[in-house]
Amino acid sequence: MNFTEHRKTLKETVRIKGIGLHSGKEVNLIGHPAPVGTGIVFEYRKGEDKASIPVELSNVVDTSNATTLGDGLHRIQTVEHLMAAVFSVGITDMTLEIDSVEVPIMDGSSLPFLEAFESTGYTEFEERIEPIYVKNPMWVVDGDKYLVILPSETWKVTYTIDFPHPLLKGQNITIDLDRDILKNEILPARTFGFLKDVEALQARGLAMGGSLDNAIVLTQDGYLNESLRYENECVRHKILDLVGDLSIAGRPIIGHYLASKAGHALDVSMAKLVMSSVTGNELGKYKSRRIPLFNRKAAMV
């Protein structure tokens, strides 16, 4: 695995502007360099209303349609696409100033966030942290949906989706993940939805920012979009979501993931299950430390 072992922050402030998927309104997101040990922290700023929400599993408050963080009074929705990019470039310390309750949807993938981060470059710290290698099978199940992790020296994902649609029945992929594969084969995959569901959501005042510019939209038997970035772009996006959700744990969790019709709820449940197996002392030591070198000194659970 070609992952850096050093903690990392942005070299300079980066500004990202887009629209919120549900509100359809402009969102300003500003990434600031942060001192070593800060972790990833959202700083909500809207007039006099302010809140600081660290990206941690204990702050996940909703996984119904996206992954939402909260502090009891404030929420930041749809963090998974942004977090997939944060993880993939190895940023461990950064504050994210935001003036909305939702991260901008951009083009529906993690690619715009990746490009924004790489435009400014990074500052590496001397401090290192370790990943978690799973040595015993673990699983979370919800009806016919499941997410399993098997022991593996490399990070691998086998993912299957099965929607009642001729193009999405049994779509699957097995892929080994490293930084280059994440950047080139996973992060550009866009989110997807069904036209009938989008229309229903918009009738309720939701998904007002949804369009062909930021999602793959499926009709009864095809796509509204003119083209796809990958033949199996939809299942690749599910892996993107998995990467973003798992990154909230604060340490890479290495194994072979087997997923069938999984989603945000199972992703976060798996991360919590694994982290509950880490000893209290070790968990406290690495609570906000992210993206280490995968080596033999890693924790085993």
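Not measured: the values here are computed from a predicted model.

### Quick word on the packing of helix 1 (residues 80–89) against helix 5 (residues 233–246)
Step number 1: Following both chains from N to C, one finds helix 1 and helix 5 inclined at 75°, their axes separated by 7 Å at the closest point. By the angle between their directions, the pair helix 1 and helix 5 is classed as roughly perpendicular. Listed contacts from helix 5 to Glu80, His81, Met83, Ala84 and Phe87 of helix 1 are His237, Leu240, Asp241, Val243, Gly244 and Asp245.
Step number 2: In terms of residue class, the contact of helix 1 with helix 5 is made up of five nonpolar, three polar and three charged.

### Comments concerning the sheet that holds strand 7 (residues 68–70)
Step number 1: If you trace the three strands from one edge of the open sheet to the other, you get 6-7-8, paired in antiparallel fashion. Looking at strand neighbours, the two that pair on one side only are strand 6 (60–62) and strand 8 (75–76), the edges of this open sheet.
Step number 2: Taken together, the two bridges between strand 6 and strand 7 define a ladder with antiparallel strand orientation. The residue of strand 7 that forms the bridge with Val60 is Leu69.

### Some details on a nonpolar patch on the surface
Step number 1: Residues Trp139, Val141 and Tyr146 make up a contiguous nonpolar surface patch of about 340 Å² in total accessible area.
Step number 2: Looking at Val141, the relative accessible area reads 53%, which means it is exposed.

### Looking at helix 1
Step number 1: With ten of its ten residues buried, helix 1 lies for the most part within the structure.
Step number 2: Along helix 1, the residues that are buried comprise Glu80, His81, Leu82, Met83, Ala84, Ala85, Val86, Phe87, Ser88 and Val89.
Step number 3: Where helix 1 terminates, the next one or two residues include Gly90, which has phi positive at roughly 85°.

### So, the layout of surface pockets
Take a probe with the size of a water molecule and roll it over the atoms, and the empty space left behind shows itself.
Step number 1: Roughly 1200 Å³ of volume is contained in the largest pocket.
Step number 2: Those elements that provide at least two residues to the lining of the largest pocket are helix 1, strand 14 (156–162), strand 16 (192–194), helix 4 (195–203), strand 17 (216–218), helix 5 and helix 6 (264–276).
Step number 3: Considering each element in turn, the lining of the largest pocket owes the most residues, six residues, to helix 4.
Step number 4: By residue class, the composition of the lining of the largest pocket is 20 nonpolar, 15 polar and ten charged.

### Looking at the packing of aromatic side chains
Step number 1: Evaluated as defined, the whole model comprises three aromatic pairs.
Step number 2: Relative to Trp155, the ring of Phe87 has its centre 5.5 Å away and its plane inclined at 70°; by these criteria the two rings are edge-to-face. Note that Phe87 is positioned in helix 1 and Trp155 in the loop between strand 13 (145–150) and strand 14, a separation of 68 residues in sequence. Considered together, Phe87 and Trp155 belong to a single accessibility category, that of buried residues.
Step number 3: Three or more aromatic residues joined by ring pairs make a cluster, and in this case those are Phe163, Phe192 and Phe194.
Step number 4: Looking at Lys8, its charged tip hangs above the ring of Tyr122, at a distance of 4.6 Å from the centre.
Step number 5: Of note, Lys196 hangs over the ring of Phe194, and the distance from its end group to the ring centre comes to 5.7 Å.

### Details of the nonpolar core
Step number 1: Formed by 75 residues in total, the largest nonpolar core has its most connected members in Phe42, Phe117 and Tyr257.
Step number 2: Look past the residues within four positions of Phe42 in its chain and what remains in contact with it is Leu29, Ala51, Ser52, Ile53, Val55, Leu69, Ile76, Val79, Leu82, Leu96, Ile98 and Val103.

### Examining the packing of helix 3 (residues 179–186) against helix 5
Step number 1: Taken N-terminus to C-terminus, the directions of helix 3 and helix 5 make an angle of 135°; their axes are 10 Å apart at the nearest point. When the axis of helix 3 is compared with that of helix 5, the two are oblique. The handedness of the crossing between helix 3 and helix 5 comes out as left-handed. From helix 3, Leu182, Glu185 and Ile186 reach across to helix 5, where they touch Arg236, Ile239, Leu240 and Val243.

Rules behind the numbers
- Residues numbered from 1 in each chain as written.
- Predicted model: local features only at pLDDT ≥ 70, side-chain atom pairs only at ≥ 80, totals over all residues.
- Heavy atoms only, no water.
- Axes fitted to C-alpha atoms, helices over the stretch in contact; angles between N-to-C directions.
- Helix = DSSP H or I, 4+ residues; strand = E, 2+ residues; numbered from the N terminus.
- Parallel < 35°, antiparallel > 145°, perpendicular 65-115°, else oblique.
- Contact = heavy atoms within 4.5 Å.
- Nonpolar A, V, L, I, M, F, W, Y, C, P; charged D, E, K, R; others polar.
- Pairing = 2+ DSSP bridges.
- Patch = residues over 30% accessible without salt bridge, like charges linked within 9 Å, V, L, I, M, F, W, Y side chains within 5 Å.
- Areas by Shrake-Rupley, 256 points an atom, 1.4 Å probe, with all protein chains shown as cover.
- Salt bridge = Lys/Arg side-chain N within 4 Å of Asp/Glu carboxyl O.
- Buried < 20%, exposed > 50% of the residue type's maximum accessible area, 1.4 Å probe, protein only.
- 1 Å grid on protein atoms, 1.4 Å probe; cavity = no way out; pocket = protein on both sides within 12 Å on 5 of 7 lines; lining within 4 Å.
- Points joined across faces, edges and corners; volume = space filled by probe spheres on them.
- Phe/Tyr/Trp six-rings, centres within 6.5 Å; stacked < 30°, edge-to-face > 60°.
- Lys NZ or Arg CZ within 6 Å of the ring centre and 35° of its normal.
- Core = buried A, V, L, I, M, F, W, Y, C linked by side-chain atoms within 4.5 Å.
- Left-handed = near helix turned anticlockwise from the far one by under 90°.

Don't take any of this as a statement about function, it's just geometry.
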